[in-house]
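Descriptive structure summary
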Amino acid sequence: MAAEIQPQPQARKPCLLSKIEALQDVVSSAVIIPKEDGVISVSEDRTIRVWLKRDSGQYWPSVYQTLSSSCSCMAFNPETRRLSMGMDTGSVCEFILSEDYNKMTPARTYQAHQGRVTVVLFVLEMEWLLSTGQDKNFTWHCSESGQQLGTYRTSTWVSGLQFDVETRHAFVGDQSGQVTILKLEQDNCSLVTTFKGHTGNVTALCWDPVQRVLFSGSSDHSIIMWDIGGRKGTAIELQGHNDKVQGLCYASHTRQLISGSSDGGIVIWNMDVTRQETPEWLDSDSCQKCEQPFFWNFKQMWDSKKIGLRQHHCRKCGQAVCGKCSSKRSTIPLMGFEFEVRVCDSCYESITDEDRAPTATFHDSKHSIVYMHYEPTTGNLLTSGTDKVVKLWDMTPVVS
Ligand SMILES: [Zn+2]
Ligand SMILES: [Zn+2]
């Protein structure tokens, strides 16, 4: 049989398209304007800037405005060109951008919060403006009348917010690592459920309304995929970052999750694969493989004159094992472990090379990411870094 010549795999990585460097301060939030080759940025230096791509391929400022206080977050709706900005003072300021993106007109100011606005979200279908603040309030306003419709008190301040238009559920992720689901009505809301899986605060939330899956990213370096629509309550952990997760975007057309972390890492997760939940860790007074007692099991240590051992857990089967019986490490991508983790010797034998095939790709943005935005129509990703630079990436080599 003739040997087939395999084509050399191409370098499949995000391609840096452009950099916006003429910034005085860190850009806390930015969006790509679809179809316009433009970027809107808000920065700690109190400016809001619109950048348009010129013939040279460079982004140049088209219009900018200096605000009376710094802007902490923003939402942009391309259909209405409405820009909603959450301010340090607690108010949300709305601007309408002109069709050519050369003019910015103030539209309305909402006195939404008592402290810094942490997240703002505009829902065109409902004409609702959702916001959360350091005053621990979640509020929603009617964007037509400007009137406050309702408010909900959260236990700690909120750092992630998503909304499902179809069922009117709001997903609220907070500093304690908890996610709360609220059902919103026109002027009241009810608590549906809360869930907690992170040991650090929630830094980003991303909702996929088609698969009905919620992704939460955390300062504990992990991402959890919560299967809300499946109603089975599965939660799958994705371990692929070495630092705080700072941004999450979902490319629904290719079913890929894009995540960015403060060490500059960009991970692209194939969400078309079926992953399994990690097992509960089992409790035992002795190694579940060799039966040697663990160090707190004084009785067995005394009876069998054995030295107590430290307890470890196999990440694949969840058994309590001693160090000797779990000396090997392996990736288990189908359980979300893209990094090597402790496994017991028998599980190590059972993991095939095929099982070890990564289900994510890893890239370096070369700056510490503070904010990330993905624009599906152009396939471009925006990262903003602590280096005061905004980078634009063509993701089509990896997100396709
Ligand atoms: Zn053992
Ligand atoms: Zn095991």
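Residues numbered from 1 in each chain as written. Chains lettered and ligands numbered in written order. Predicted model: local features only at pLDDT ≥ 70, side-chain atom pairs only at ≥ 80, totals over all residues.

Going by what an unreviewed UniProt entry lists, the protein chain is known as FYVE-type domain-containing protein and is assigned to Anabas testudineus. UniProt lists a comment for the protein chain under the heading Subcellular location (unreviewed entry), and it reads "Early endosome". (UniProt positions renumbered as here; feature names shortened; annotations may be inferred.)

Focus on the overall build of the protein chain
If you tally the helices and strands in the protein chain, you get two helices and 32 strands. The C-alpha extent of the protein chain, read off along each of the three principal axes, is 80 × 60 × 35 Å. A buried classification covers 44% of the 400 residues belonging to the protein chain. When contacts within the protein chain are restricted to residue pairs at least 6 apart in sequence, those whose partners lie at least 24 apart make up 45%. (Helix = DSSP H or I, 4+ residues; strand = E, 2+ residues; numbered from the N terminus. Buried ≥ 20, exposed ≤ 12 C-beta atoms within 10 Å, placed from the backbone. Contact = placed C-beta atoms within 7 Å.)

Examining the nonpolar core
Membership of the largest hydrophobic core comes to 86 residues, with the highest contact counts inside it found for Val39, Met74, Met85, Val92, Leu205, Phe215 and Ile258. What Val39 contacts, discounting residues up to four positions off in sequence, is Ile20, Ala30, Ile32, Ile33, Trp51, Tyr59, Leu382 and Val390. In terms of nonpolar packing, the next biggest core, distinct from the first, is built from eleven residues, Leu309, Cys325, Val343 and Cys344 among them. (Core = buried A, V, L, I, M, F, W, Y, C linked by C-beta atoms within 7 Å.)

Examining the pairing of strand β32 (residues 390-394)
Most of β32 is tucked away: four of the five residues are buried. For strand β1 (residues 15-20) and β32, the ladder comprises five bridges, and the chain directions are antiparallel. Counted as the bridge partner of Cys15 is Asp394 from β32. Note that strand β31 (residues 380-385) and β32 share five bridges and pair antiparallel. If you follow Ser384 over to β32, its bridge partner there is Val390. Hairpin geometry of β31 and β32 is characterised by an intervening segment of four residues between the two adjacent antiparallel strands and by a positive phi of about 65° at Lys388. (Pairing = 2+ DSSP bridges.)

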